[in-house]
Amino acid sequence: MEVERTRHGPFERLSFAFGTPTGRSQHSVYRLGDTLIDAGGTVATAELLALLRERPPRRIVCTHQHEDHVGNIAAIRRAFGDLPVYVPRQHVPIVTTTARIPEYRAVYWGHPEPSGPVEPYDPGAVFEDSSVALEAVLTPGHTPHHITFVARDGAASYALTGDLYTSRPLEGWFESAADDMVASLRRVAARAPDLVVLPTHGRIKPDGARVLSDMADWIDREAERIHEAAERLATRDPRALAAAVYAELGPDIADLGSGGEISRAGFVRSILAPNRGLPVDPP
Ligand SMILES: [Zn+2]
């Protein structure tokens, strides 16, 4: 396990990475004073607890319900006491009960542990620590009710974007909604021209507003291609359209490996039939 600890203004990033047979697993949690933003996956429980031990957190706030963001809540409470945990309201039933995920995901993030009791929060909630206010901004698209935390510190602005991806994957997640994603990317980008984006996965983006806007433009362009193809081929079937529009990319490995949870057909579906509520049944 590669562990990396870096400082970004008032935030500290704790990042965990390792190779898997099918690719690299990397995720991170952030810390602002005594507040942990997301709790990480159980693939890195021991490493995370070791980093937190010298100054245990007193509160956890989570961006969304997925296992790489909430998996260690129970372990952190066992290690450091029953600290308060805040989760988006609609994600509470998932976070408090989920103990198993599909194996292809467990290889990357580990099976989560049910969290124990958590406090629901809503968009607009503000969590203060170290004289910095974390504001919960609704950013659905990756999953319904996903939250981005935005903060100002002096002249600097930050966005803890969770899984508000900017990596342009043509493989869509089964809970996703492309138009919501575009609106969320633009909403966060509009916060400040010099926004620093602190994502869960991937590199820090000092030019965050531009990166978020570029991603929104890219999704809009792909959506236009998909809508045109749907018209031309007279079908709205995501598999048929994905095969036609992305034919040059060859077989959809992600689709095969994830049982359809992550696929090009899923990306097409996110454009033609966006998911806006939970739970979403796996394909
Ligand atoms: Zn996620």
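Residue positions within a chain follow its written sequence, with the count starting from 1. The model is predicted, so local features are restricted to residues of pLDDT at least 70 and side-chain atom pairs to those at 80 or more, both for listing and for counting; the totals for chains, interfaces and linings are taken over all residues. Side-chain measures were taken over the full set of non-hydrogen atoms in the model, leaving aside hydrogen atoms and water.

Undergrad: Before we go on, may I ask you to explain the environment of H8 in this structure?
TA: Numbering of helices and strands starts at the N terminus; helices are DSSP runs of H or I of at least 4 residues and strands are runs of E of at least 2. Topologically, H8 is positioned in strand β1 (residues 2-8). Exposed residues in this analysis have more than 50% of their type's maximum accessible area, buried residues have under 20%, and partly exposed residues fall in between, with area computed by a 1.4 Å probe over protein chains only. Exposure remark for H8: the relative accessible area of 17% places this residue in the buried category. Along the backbone, H8 and Y158 are 150 residues apart, and their C-alpha atoms lie at a distance of 9.0 Å. Here, residues are in contact when the closest pair of their heavy atoms is within 4.5 Å. Excluding its chain neighbours within four sequence positions, the residues that come into contact with H8 are R13, Y158, L198 and I204. Pairs of N or O atoms are called polar contacts if they sit within 3.5 Å, as long as, within protein, a hydrogen donor faces a hydrogen acceptor (for residues adjacent in sequence, only side-chain-to-side-chain pairs). A polar atom in the side chain of H8 sits 2.8 Å from the side chain of T6.

Undergrad: What is the right way to look at the coordination of the zinc ion in this model?
TA: Note on donors: an N, O or S atom is included if it sits within 2.8 Å of the metal, or within 3.2 Å for Na, K and Ca, and water is never included, so sites can look incomplete. Protein coordination at the zinc ion: the donors are H64 (NE2), H66 (ND1), H142 (NE2) and D163 (OD), at 2.1 to 2.2 Å from the metal. Every geometry call rests on angle ranges, with four donors termed tetrahedral when all angles are between 85 and 135 degrees, four termed square planar and six termed octahedral when opposite donors are over 155 degrees apart and all others are between 65 and 115, and everything else termed irregular. Each of the four donor atoms around the zinc ion contributes to a set of angles spanning 90 to 173°, which defines the coordination as irregular. Read N to C, the donor residues that coordinate the zinc ion are spaced as H-x1-H-x75-H-x20-D. Of the two residues, H66 sits in the loop between β5 (59-61) and α2 (67-70) while D163 sits in the loop between β11 (156-162) and β12 (172-173), which places them 97 residues apart along the sequence.

Undergrad: Help me out: how do you make sense of the side chain of H146 in this one?
TA: Within the secondary structure, H146 sits in the loop between β9 (132-138) and β10 (147-153). On the basis of relative accessibility, which here comes to 0%, the residue H146 falls in the buried class. In this structure the side chain of H146 is engaged in a polar contact, spanning 3.0 Å, whose partner is the backbone nitrogen of D163. Setting aside residues up to four positions removed in sequence, H146 forms contacts with T63, H64, H91, V137, L138, T139, P140, T161, G162, D163 and L164.

Undergrad: Explanation requested: helix α6 (residues 178-189) in the structure shown.
TA: Working note: α-helix, 3.6 residues per turn, so residues spaced by three or four point in the same direction. Every helix has an expected span of 1.5 Å times one less than the residues it contains. Across its 12 residues, α6 extends 16 Å between first and last C-alpha, which sits within 8% of the 16 Å expected from 1.5 Å per residue. All buried positions along α6 are accounted for by A178, D180, M181, V182, S184, L185, V188 and A189. Looking at the buried side of α6, the elements it contacts are β9, β10, β11, α7 (208-233) and α10 (264-272).

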